[in-house]
Amino acid sequence: EDENHINRKLPKELLLRILSYLDVVSLCRCAQVSKLWNILALDGSNWQRIDLFDFQRDVEGPVIENISRRCGGFLRQLSLRGCESIADGSMKTLAQSCPNIEDLNLNKCKKLTDQTCQALGRRCSKLQRINLDSCPSITDISLKALSDGCPLLTHVNVSWCQSITDNGVEALARGCPKLKSFICRGCKNVNDKAVSSLATHCPDLEALNVQGCDNLTDESICKLGGAMRRLCVSGCSRLTDSALAALAARCPNLATLELAQCTQLTDAGFQALARNCRMLERMDLEECVLITDTTLVHLSMGCPRLEKLTLSHCELITDYGIKQLSMSPCAAEHLTVLGLDNCPLVTDGALEHLTSCHNLQLIELYDCQMVTRNAIRKLRSHLPNIKVHAYFAPVTPPAAGGGARPRYCRCCAII
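None of the values given here were measured: they were computed from a predicted structure.

1. Remarks on the overall build of the protein
Helices and strands together make up the secondary structure of the protein, namely 18 helices and 15 strands. Across its three principal directions, the C-alpha atoms of the protein cover 75 × 60 × 45 Å. Expressed as a percentage of its 415 residues, the buried residues of the protein come to 49%. Of all intrachain contacts in the protein linking residues separated by at least 6 positions in sequence, the fraction that spans at least 24 positions is 72%. Within the protein, one finds 46 positive and 44 negative side-chain charges whose respective centroids are separated by 4 Å.

Next comes the structure, spelled out in structure tokens:
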């Protein structure tokens, strides 16, 4: 009776609008209330954005085919992340039934091949974002199909698609000039030619992640344009200070820069970078083994917005560099995360300097053997909300009666 009352009081259009705010599970439950609610809940207009990650183990081909036919032209956003049972046949049905899809996440859909992207290229011209991370059978054929049929693409992720080469990336860059983000972590065949193509044909490119693409050199990084805001070149060990100088000159709006394992970079490169890139907020300098306290002096003076800084395995950093950082504008207002793992010259004195960093939320001190528990306690007395991740070597406590001494270890302790 109450149900009938609600149905009489509210027009179908309003009920449909209310249902549009529900998630997948809630919609399915509503569909079981009555015949009317079944029709309303399963209306394609309520299924414009679907995320099936929570059901990844249960989702198989027929599910995707049913959703595709029911949603039709309404479907705009679909995430099949982790749905490893999905194959090309189901995706062909999706492409045919849902031509208006704009955002498609196929991360870890390992059975998919180039046939899926060819179908999308033929049918889904409005596609703007596609994530093919960890789809090992994807090759240059997919990128060429997308470049031919999806000119509106702005975000592409092909990380760990090992068969991607410069040919596919060049085709994508030429066919999708609106590209803003390109991620290809672990694609060993992506080289200078590929990155140069992106820099040349995609003037709005603002995010580039080429982590582990160790064939890259300064040549292509030096061509990146002024729109660049987030750059990850971690593991690109051939890069030198020339790349940093070029970024300083051409990319003044950089906010995130990840340079882990770029072992040829020196203080000179970071001096140039800090002079012009004053918008930097996040930097990962792990295993930049040649940098010294001088780099921290430059960053302290030139990068007032730094929020997260990783210096792990930078073994030449000392308390003096941390002191300079602690007195900088970024430390006073923005610095929240500081990584100092395996910095053997950092001592308790560094933690004393950091007591003035009132916004510091996390500091990592694994294998900083010159830092003591007592110094950590003092830091926490000044910054009660801070988390300190530290490693302490095995300790041998005294044993009563002079017998064998049992050993115990506090490893990776969150203090």
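We are not done yet, so read on.
2. Some details on the packing of helix H8 (residues 140-149) against helix H9 (residues 166-175)
Packing of H8 against H9 leaves a shortest axis separation of 8 Å and a crossing angle of 10°. Between H8 and H9, the angle is such that the two are roughly parallel. Across the interface between the two elements, Asp140, Leu143, Lys144 and Ser147 from H8 touch Asn167, Gly168, Val169, Ala171, Leu172 and Gly175 from H9. Class assignment for the residues of the contact of H8 with H9 results in four nonpolar, four polar and two charged.

3. A closer look at the side chain of Asp133
Structurally, Asp133 is set in the loop between strand E4 (129-131) and H8. Beyond its immediate chain neighbours, meaning those up to four positions away, Asp133 contacts Leu106, Asn107, Lys108, Asn157, Ser159, Trp160 and Arg185.

4. Details of the environment of Asp367
In this fold, Asp367 is placed in the loop between strand E13 (362-365) and helix H18 (373-382). Here the alpha-carbon distance between Asp367 and Ser159, two residues 208 residues apart in the chain, equals 31 Å.

5. Quick word on the pairing of strand E14 (residues 387-390)
Two elements, E13 and E14, share four bridges in a ladder whose sense is parallel. For Glu364, the partnering residue across the bridge sits in E14 and is His389. A crossover links E13 with its parallel partner E14, the connecting element being H18, and its sense is right-handed.

6. Observations regarding the pattern of salt bridges
Applying the stated criterion to the full structure yields eight salt bridges. In this structure, Glu102 and Arg76 form a salt bridge, with 3.9 Å as the shortest nitrogen-oxygen distance. Linking Glu102 in the loop between helix H6 (88-97) and strand E3 (103-105) with Arg76 in the loop between helix H5 (61-71) and strand E2 (77-79), this pair joins segments that are 26 residues apart in sequence.

7. Here we look at the pairing of E13
Pairing of strand E12 (residues 337-339) with E13, which is carried by three bridges, proceeds in the parallel orientation. Bridged to Leu338 within E13 is Ile363. Handedness of the E12-helix H17 (residues 348-353)-E13 crossover: right-handed.

8. Digging into unusual backbone geometry
Most peptide bonds adopt trans geometry, and most residues besides glycine take a negative phi value. If you check the backbone angles, Gln261 has positive phi at about 65° while not being a glycine. Mapped onto the elements of the fold, Gln261 is located in the loop between strand E9 (256-258) and helix H13 (267-276). Positive phi is not limited to glycine here, since Asp367 has a value of about 60°. Overall, the relative accessible area of 31% leaves Asp367 in the partly exposed class.

9. Some remarks on the domain arrangement of the protein
How big an interface is tends to be stated in terms of accessible area lost as the parts join. With domains assigned, the protein is organised as domain 1 (1-46) and domain 2 (48-212). Spacing between the C-alpha centres of domain 1 and domain 2 amounts to 33 Å. With six residues of domain 1 at the interface, the matching set in domain 2 holds seven residues. Scanning the region where domain 1 abuts domain 2 turns up zero salt bridges. On the surface where domain 1 and domain 2 come into contact, there are zero residue pairs in polar contact (both at pLDDT 80 or more). Here the residues of the side of domain 1 that touches domain 2 sort into three nonpolar, three polar and no charged.

10. Considerations on the environment of Leu52
Here Leu52 lies in the loop between strand E1 (49-51) and H5. For Leu52, a relative accessible area of 5% puts it in the buried group. Taking the C-alpha atoms as reference, Leu52 lies 28 Å from Leu172; in sequence the two are 120 residues apart. When residues no more than four places from it in sequence are discounted, the contact partners of Leu52 are Val59, Ile64, Ile67, Ser79, Leu80 and Cys83.

11. What to know about helix H12 (residues 241-250)
Taken together, the buried positions of H12 are occupied by Asp241, Ala243, Leu244, Ala246, Leu247 and Ala248. Of the surrounding secondary structure, the elements contacted by the buried residues of H12 are helix H11 (218-221), strand E8 (230-232), E9 and H13.

12. Observations regarding the packing of H9 against helix H10 (residues 192-201)
With their axes 8 Å apart at the nearest point, H9 and H10 run at an angle of 5° to one another. Accordingly, the angle class assigned to the pair H9 and H10 is roughly parallel. Two secondary-structure elements touch here, H9 through Asp166, Asn167, Val169, Glu170, Ala173 and Arg174 and H10 through Lys193, Ala194, Ser197, Leu198 and His201. Split by residue class, the contact of H9 with H10 holds four nonpolar, three polar and four charged.

13. Let's talk about the state of the cysteines
Within this structure, the stated rule accounts for zero disulfides. Take Cys83: it sits in no disulfide, and the sulfur closest to it among the cysteines is that of Cys109, at 5.7 Å. Residue Cys83 is classed as buried on the basis of its relative accessible area of 0%. The thiol of Cys184 is unpaired, and the distance to the nearest cysteine sulfur, on Cys213, comes to 4.1 Å.

Reading the values: rules and limits
Residues numbered from 1 in each chain as written. Predicted model: local features only at pLDDT ≥ 70, side-chain atom pairs only at ≥ 80, totals over all residues. Heavy atoms only, no water. Helix = DSSP H or I, 4+ residues; strand = E, 2+ residues; numbered from the N terminus. Buried < 20%, exposed > 50% of the residue type's maximum accessible area, 1.4 Å probe, protein only. Contact = heavy atoms within 4.5 Å. Lys, Arg positive; Asp, Glu negative; His and termini not counted. Charge placed at Lys NZ, Arg CZ, Asp CG, Glu CD. Axes fitted to C-alpha atoms, helices over the stretch in contact; angles between N-to-C directions. Parallel < 35°, antiparallel > 145°, perpendicular 65-115°, else oblique. Nonpolar A, V, L, I, M, F, W, Y, C, P; charged D, E, K, R; others polar. Pairing = 2+ DSSP bridges. Right-handed = clockwise from strand over helix to strand, strands pointing away. Salt bridge = Lys/Arg side-chain N within 4 Å of Asp/Glu carboxyl O. Domains from an automatic or database assignment. Polar contact = N/O pair within 3.5 Å; in protein donor to acceptor, adjacent residues only side chain to side chain. Disulfide = S-S within 2.5 Å.

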